[in-house]
Amino acid sequence: MSRLKRIGVVGGGIYGTQMLKCFAGQQRLGRVELAAVADLDTEVLGRHAERYGTEGYTDYTVMLTEARLDAVAVATPDHLHAPVIREAVKHGLHIISQKPLDVDSTRSRELVDLCDAAGLLLYVDFHKRFDPGHIRLRNEIAAGDLGRLQYASVQMEDRIEVPTEWLRSWAARSSPSWFLGVHFYDLVHFLTGLEPVRVLASGYKGKLESMGLAGAWDSIQAKVEYEGGFSVNYDLSWILPKSFPTIVNQGIHIVGEEGMAEVDSQDRGYLSAYSRHAASVVANPFSSLEYEHPIFGTATEGYTFTSMSYFIDILNALDSGHSLASLKGSYPDGHAALVSTRIGEAVARSILSGQIEPV
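Reading the values: rules and limits
Residues numbered from 1 in each chain as written. Predicted model: local features only at pLDDT ≥ 70, side-chain atom pairs only at ≥ 80, totals over all residues. Heavy atoms only, no water. Salt bridge = Lys/Arg side-chain N within 4 Å of Asp/Glu carboxyl O. Helix = DSSP H or I, 4+ residues; strand = E, 2+ residues; numbered from the N terminus. Buried < 20%, exposed > 50% of the residue type's maximum accessible area, 1.4 Å probe, protein only. Axes fitted to C-alpha atoms, helices over the stretch in contact; angles between N-to-C directions. Parallel < 35°, antiparallel > 145°, perpendicular 65-115°, else oblique. Contact = heavy atoms within 4.5 Å. Nonpolar A, V, L, I, M, F, W, Y, C, P; charged D, E, K, R; others polar. Pairing = 2+ DSSP bridges. Core = buried A, V, L, I, M, F, W, Y, C linked by side-chain atoms within 4.5 Å. Left-handed = near helix turned anticlockwise from the far one by under 90°.

Student: Please clarify how the pattern of salt bridges should be interpreted in this entry.
Tutor: Two side chains carrying opposite charge are able to pair once their charged atoms lie near each other. All told, the structure shown has 18 salt bridges when counted by the stated rule. Its salt-bridge partner being Lys-90, residue Glu-87 comes within 3.7 Å of it at the nearest N-O pair. Of this pair, Glu-87 and Lys-90 are both found in helix H4 (residues 81-90), three residues apart, which corresponds to roughly one turn of the helix. Given the relative accessible area of 65%, Lys-90 is considered exposed. Glu-357 is paired through a salt bridge with Arg-349; the nearest N and O atoms lie 3.5 Å apart. By relative accessible area, Arg-349 is classed as partly exposed at 36%.

Right, dumping it as structure tokens:
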């Protein structure tokens, strides 16, 4: 039996913590070794060391040099993925990156080419693909149940603490399109297999600027036309009030010549209200949860974690003799990630030009 793969995480914030939770759970199952985490904040490193037993580094380049890793998970702000991935390639490490791969398609292509040339796995964490509702929808589209697709609508809206508290230091360098829209730009391509052709988009600023986030977009609306005439309206924002019962409102509605389907990713049938809380809460227990396994201790469940743990499945497949070429199409790779980045760029261009822009 080959030794367990050692993995480190770059970025110990909200999404880095999710990755640490996942890989710690997988370590307890004997599937991977969670070795290290890099973050600029020493307090963050201390908390993670106490909970996960990880070695902490304030310089990710030192971690990649010293921690004897086989793979690295990238959970830095979106515009800072590229330097980490380039450095990981220099050290011959397989990579799982949070979405988007990058906010620039030229840079994204460079990263894909670097990993291809080095024979390294580049996996992008598009977890919407792993939602059971979306898996069923993809199967029904593939079976022809909806017939030729005509149109769809998507909404993904975060509560206002996401840009003002979670991402305050870099929200103005992102947008509802880059932070939220890329989830569904990727998902629609995954569901339909159709290539995007052109985009018309608009955006609104005001609320976040009034709260000190100069230049930050409140909301973005984009109509994306795909080959064959299929089109999708994307409504994206991150200014829902804190009184909204869940952190994100999201869903997709799709219509074809022979049928329609909807996946409500926000209301999954779980509502709670407690005297210690000011308001009721609508939760999505199918996304991510932790529970105590009677043998392995704290375990993780849900499609958000499945998307990350599937990276380990692909690593193990490579270790057992499969090639990257033979696995192509079985996971969200860098090539697939280029599609959502191209859409994100076209949306940004269209907002500025006020014109239809090619993808």
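Student: Just checking my understanding: could you explain the packing of helix H5 (residues 105-118) against helix H12 (residues 334-353) for this structure?
Tutor: Axes are the key here: two packed helices are described by the angle between their axes and the distance separating the axes. Interaxial distance between H5 and H12 falls to 9 Å at its minimum, and their mutual angle equals 175 degrees. As far as their axial angle goes, H12 and H5 are roughly antiparallel. Taken together, the residues of H12 that come into contact with H5 (itself represented by Ser-105, Ser-108, Arg-109, Val-112 and Asp-116) are Gly-334, His-335, Leu-338, Thr-341, Arg-342 and Glu-345. Tallied by class, the residues present in the contact of H5 with H12 amount to two nonpolar, five polar and four charged.

Student: What exactly am I supposed to notice about the sheet that holds strand S3 (residues 55-57) here?
Tutor: Hydrogen bonds between backbone groups are what pair the strands of a sheet, and the pairing can be parallel or antiparallel. In space, the six strands of this open sheet follow the order S3-S2-S1-S4-S5-S6, with parallel pairing throughout. Pairing within the sheet leaves two strands with one partner each, and these edge strands are S3 and strand S6 (122-125). Sheet twist, expressed as the average angle between the axes of neighbouring strands with direction ignored, equals 20 degrees. Bridge count for strand S1 (residues 6-10) against strand S2 (residues 33-38) is five bridges, and the pairing is parallel. Bridging across to S2, Gly-8 finds its partner in Ala-36. In the packing of helix H1 (residues 14-28) onto the sheet, contacts are made with S1, S2, strand S4 (71-74) and strand S5 (94-98), and the angle to S2 comes to roughly 160 degrees. Helix-sheet contacts for helix H10 (residues 303-319) involve S1, S4, S5 and S6, and the interaxial angle to S5 is about 165 degrees.

Student: Help me understand the pairing of strand S11 (residues 248-256), please; the structure alone is not making it clear to me.
Tutor: Each regular strand shows side chains that alternate between the opposite faces of the sheet. Of all nine residues in S11, eight are buried, a share of seventy percent or more. Two strands pair when backbone bridges link them, and strand S7 (residues 149-159) and S11 are joined in this way by nine bridges, in the antiparallel orientation. When the sheet's bridge partners are listed, Tyr-151 is paired in S11 with Val-255. What sits between the antiparallel neighbours S11 and strand S12 (residues 260-264) is a turn of three residues.

Student: Sorry if this is basic, but what is going on with the nonpolar core here?
Tutor: Across soluble globular proteins, you tend to see nonpolar side chains buried next to one another. One finds Tyr-226, Phe-230, Tyr-234, Ile-254 and Val-347 to be the most contacted residues of the largest nonpolar core, which totals 48 residues. For this core, the element with the most residues is helix H8 (residues 176-192), which contributes ten residues. Here Ile-254 is in contact with Leu-137, Ile-141, Leu-146, Leu-149, Tyr-151, Ala-152, Phe-230, Gly-259, Met-260 and Ala-261, once residues within four sequence places are set aside.

Student: Would you mind showing me how to read unusual backbone geometry here?
Tutor: As a rule of thumb, non-glycine residues mostly have phi less than zero, and peptide bonds are mostly trans rather than cis. The peptide bond linking Lys-99 to Pro-100 adopts the cis configuration, its omega dihedral lying at -20 degrees. In this structure, Arg-68 takes a positive phi of about 55 degrees despite not being glycine. Summarising the element assignment, Arg-68 is placed in the loop between helix H3 (60-66) and S4.

Student: Before we go on, may I ask you to explain the packing of H1 against H10 in this structure?
Tutor: Across the interface, H1 lies against H10 with an axial gap of 10 Å and an inter-helix angle of 60 degrees. Classified by the angle their axes make, H1 and H10 are oblique. As H1 packs across H10, the resulting crossing turns out to be right-handed. Note on element contacts: H10 touches H1 through Thr-304, Phe-305, Met-308, Ser-309, Phe-311 and Ile-312, opposite Gln-18, Met-19, Lys-21, Cys-22, Phe-23 and Gln-26. In terms of residue class, the contact of H1 with H10 is made up of seven nonpolar, four polar and one charged.

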